[in-house]
Amino acid sequence: RRHPPAFRVIDPEELGAWLRLLETPGVGRESVRRLLAAFGSPQAVIAAGSDARREVVGAAQANALADEPEGLPALHAATLAWLQAEAAAPRSVIPLGDARYPAALLNSPDPPLMLYAQGRVELLHADSVAMVGSRYPTAQGAANAGAFARDLSDAGLTIVSGMALGIDAAAHA
């Protein structure tokens, strides 16, 4: 098992470029991965221009990246504020290609381009189990999720989820 660096602060410019790739309508994850493979970084993708991007992805996607998505400055500011806010555990943004990105997720068919993490990111490389379920569980379902998560955690497994409401939240509580 590889052990990634425990902490890396993402540069605000790099974060802005990642958010632009993620938030541009009509540009999906597969296209972004192809663009990153061709240009090397999200900043280079944006700087490349539509003509260069068209050699890698379709014209509509290449042209869409020429314009900043609506609401991007507010999202960028909110993400930076989230990263810098006082919290019980450190917060991180982990983009694809970062050494801290979990290998198991990287090797999945369609890995997310960026992860938002709070807590000990080194646990992303530990043995883990995903717990997901209804956003509106019964009281018994939430109690079961909590009990399973506690027992699995006590056995040395890391509990992961998409941090949604319901079962996910109960598992992390």
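Check the entry above for the structure.
The structure reproduced in this document is the subject of the present report. (Residues numbered from 1 in each chain as written. Predicted model: local features only at pLDDT ≥ 70, side-chain atom pairs only at ≥ 80, totals over all residues. Heavy atoms only, no water.)

### A short note on the overall build of the chain
- Looking only at helices and strands, the chain has 9 helices and 4 strands in total.
- Its helices and strands taken in sequence order, the chain reads α-α-α-α-α-α-β-α-β-β-α-β-α from the N to the C terminus.
- In terms of principal-axis extent, the alpha carbons of the chain reach across some 55 × 35 × 35 Å.
- Put simply, of all contacts in the chain between residues at least 6 apart along the chain, 62% involve residues at least 24 apart.
- If you sum the accessible surface of the chain, you get close to 9800 Å²; carbon and sulfur atoms cover 56% of it. (Helix = DSSP H or I, 4+ residues; strand = E, 2+ residues; numbered from the N terminus. Contact = heavy atoms within 4.5 Å. Areas by Shrake-Rupley, 256 points an atom, 1.4 Å probe, with all protein chains shown as cover.)

### What to know about helix H8 (residues 139–154)
- For H8, which comprises 16 residues, the first-to-last C-alpha distance of 23 Å matches the rise-based estimate of 22 Å (1.5 Å per residue) to within 8%.
- What H8 keeps buried is the set Ala 145, Gly 146 and Ala 149. For H8, the buried positions fall inside an angular range of 95 degrees around the axis, keeping them on one side. Residues Gln 140, Phe 148, Asp 151 and Asp 154 are exposed on H8 and point more than 90 degrees away from its buried face.
- For H8, the elements touching its buried residues are strand E4 (158–160) and helix H9 (167–172).
- Positive backbone phi, approximately 100 degrees, marks Gly 156, located one or two places after H8. (Expected span 1.5 Å × (residues − 1). Buried < 20%, exposed > 50% of the residue type's maximum accessible area, 1.4 Å probe, protein only. Arc of directions from axis to C-beta.)

### Topic: the pattern of salt bridges
- Scanning all chains against the criterion turns up 6 salt bridges.
- For Asp 110, the salt bridge is made with Arg 33, and the minimal N-O distance between the two is 2.7 Å. Taken together, the residues span a long stretch of sequence, with Asp 110 in the loop between helix H7 (103–106) and strand E2 (114–118) and Arg 33 in helix H2 (residues 29–39) at a distance of 77 residues.
- Since its relative accessible area comes to 35%, Asp 110 is described here as partly exposed.
- In this structure, the salt-bridge partner of Asp 51 is Arg 54, at a minimum N-O distance of 2.2 Å. Pair noted here: Asp 51 and Arg 54 are both in helix H4 (residues 50–54), with a separation of 3 residues, about one helical turn.
- Arg 54 gets classed as partly exposed once you look at its relative accessible area, which sits at 33%. (Salt bridge = Lys/Arg side-chain N within 4 Å of Asp/Glu carboxyl O.)

### A word on the pairing of strand E1 (residues 91–95)
- Counting buried residues along E1, 5 of its 5 residues qualify, which places the element largely inside the surrounding structure.
- Burial along E1 is two-sided: the residues Arg 91, Val 93 and Pro 95 and Ser 92 and Ile 94 are all buried.
- The sheet contact formed by E1 and E2 spans 5 bridges and is antiparallel. Looking across to E2, one finds that Arg 91 is bridged to Gln 118. (Pairing = 2+ DSSP bridges.)

### Remarks on the packing of aromatic side chains
- Within the structure shown, the criterion is met by 1 aromatic pair.
- Taking 5.9 Å as the distance between ring centres and 75 degrees as the angle between the ring planes, the aromatic pair formed by Trp 82 and Tyr 116 counts as edge-to-face. Of this pair, Trp 82 sits in helix H6 (residues 72–84) while Tyr 116 sits in strand E2, and the two are 34 residues apart along the sequence. (Phe/Tyr/Trp six-rings, centres within 6.5 Å; stacked < 30°, edge-to-face > 60°.)

### Points about the environment of Val 160
- The topology assignment puts Val 160 in strand E4.
- In this structure the C-alpha to C-alpha distance between Val 160 and Ser 128, which are 32 residues apart in sequence, comes to 6.8 Å.
- Once residues within four sequence positions are removed from consideration, Val 160 is found in contact with Ser 128, Val 129, Ala 130, Met 131 and His 172.

### Overview of the environment of Ala 48
- One can find Ala 48 in helix H3 (residues 42–48).
- Classification of Ala 48 as partly exposed rests on a relative accessible area of 28%.
- With 14 residues separating them in the primary sequence, Ala 48 and Ala 62 have C-alpha atoms 9.8 Å apart.
- Those residues within four positions of Ala 48 in sequence are excluded, and the remaining contacts are Phe 39 and Arg 53.

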